[in-house]
Amino acid sequence: MTEIPTIEKPAQRGAITSLIDIVFPGDTNHHGTLFGGTGLALMDRVAFIAATRFGRAPFVTASCERIDFRQPARIGHIVEFTARPVRAGRRSLTVEVEMVAETIVGRQRHTCTKGIFHMVAVPEGENASSYALPVLAPEETREASETVAMVEIVFPDQANSVGRMFGGEAIAYMTKAAFVAASRYSGKLVVLASSERIDFARSIEIGEIVEAVAHVTRVGRSSMSIETKLWSENLLTGERHITATGHFTMVAVDADHRPVPVRDSTPAHPAPYQGRA
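As the structure is a prediction and not an experimental result, all values here were calculated from the model.

A.B. asks: Could you clarify how one ought to interpret the overall build of the protein in this entry?
C.D. replies: Each helix and strand counted, the protein has two helices and 11 strands in total. From first element to last, N terminus to C terminus, the protein shows the α and β order β-α-β-β-β-β-β-α-β-β-β-β-β. Relative to its 277 residues, the protein shows a buried fraction of 45%. Restricting the contact set of the protein to residue pairs at least 6 apart, pairs at least 24 apart contribute 75%. By element, 52% of the accessible surface of the protein is carried by carbon and sulfur atoms, the whole surface being about 14600 Å².

A.B. asks: I tried to follow the pattern of salt bridges on my own but got confused; where do I start?
C.D. replies: Using the criterion set out here, one finds 18 salt bridges in the structure. With a closest N to O distance of 2.9 Å, lysine 176 and aspartate 21 form a salt bridge. Residue lysine 176 is located in helix H2 (residues 167-186), and its partner aspartate 21 is located in strand E1 (residues 17-22); the two are separated by 155 residues in the primary sequence. Here aspartate 254 and arginine 258 are joined by a salt bridge, their closest N and O atoms 3.4 Å apart. Look at aspartate 254 and you get partly exposed, because its relative accessible area is 22%. Within the structure, one salt-bridge network assembled from shared partners comprises Arg53, Arg56, Glu211, Glu233 and Arg240.

A.B. asks: I'm lost on the nonpolar core in this one. Help?
C.D. replies: Nonpolar side chains in soluble globular proteins tend to end up buried together. Counting residues in each nonpolar core, the largest one holds 35 residues, and the members touching the most others are Met150, Phe179, Val210, Met224, Ile226, Leu230 and Met250. Looking at this core, the elements with two or more residues in it are E1, strand E6 (148-153), H2, strand E9 (209-219), strand E10 (223-233) and strand E11 (240-253). Looking at which element gives the most residues to this core, the answer is H2, with 10 residues. For valine 210, the contacting residues outside a window of four places in its chain are Met150, Val151, Glu152, Val154, Met165, Tyr173, Ile204, Leu230 and Trp231. Counting residues in each nonpolar core, the second largest holds 33 residues, with Val46, Phe54, Ala57 and Leu93 among its members.

A.B. asks: Help me understand the side chain of serine 225, please; the structure alone is not making it clear to me.
C.D. replies: Among the structural elements, serine 225 can be located in strand E10. Look at serine 225 and you get buried, because its relative accessible area is 15%. Among all residues touching serine 225, those that are not within four sequence positions of it are His215, Val216, Thr217, Arg218, Phe248 and Thr249.

Procedures and definitions
Residues numbered from 1 in each chain as written. Predicted model: local features only at pLDDT ≥ 70, side-chain atom pairs only at ≥ 80, totals over all residues. Heavy atoms only, no water. Helix = DSSP H or I, 4+ residues; strand = E, 2+ residues; numbered from the N terminus. Buried < 20%, exposed > 50% of the residue type's maximum accessible area, 1.4 Å probe, protein only. Contact = heavy atoms within 4.5 Å. Areas by Shrake-Rupley, 256 points an atom, 1.4 Å probe, with all protein chains shown as cover. Salt bridge = Lys/Arg side-chain N within 4 Å of Asp/Glu carboxyl O. Core = buried A, V, L, I, M, F, W, Y, C linked by side-chain atoms within 4.5 Å.

In structure tokens:
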């Protein structure tokens, strides 16, 4: 009887996934700081996205280790949640999540908290019994970049009657990415001055990941042009498509909303984002 060789899955790196948001008054308590429950929910969400991208199977949260909030995130802060897989078993995956708050003016950053989330794959279909996670390869250091890449999941309340993401929701998400890119580039308050035509190449289904990728392409005295691409990604197959591309003009302003210079330097040759490896 011929023995069938076992084929091991190739090692796979756990890519860093970032979810970026802005703290609005409705997200805060009476002290003007982000609700702890809201922060925990977003940490769990980005852990789920990172786990699904790694294992390409449905995941559930099994547990999270003790999470202590060191510093709060306040109204107007940009909050970034970064998740990276750090340990993989046969079906269990440990994901480390960090929450960082950032001031728009001056770009002062501080870590709010870190947490460990234990996720478990619950594969479906005829091959579910033989499913196993890939081997987790040593992580790579993420290079600093002026490009903003932020992910989210499309939920039913963001979709129309046939299960497709509302165009307005997609545009709002692209605009938020442009705002974050312009704010980080200038270190100043910015406002939207205009947006060029946005054409949608395909629809986005409920449950898909959307990734908005924005970078500054041109800088004037007080204005910045930002190109934003919206990618859609199937949770289970990893298939990705560019759904829309838009160009936004943001203007740096002072506390009285008067235009101010962006800064002296300009981006030399901003590299277009080609999608994740």
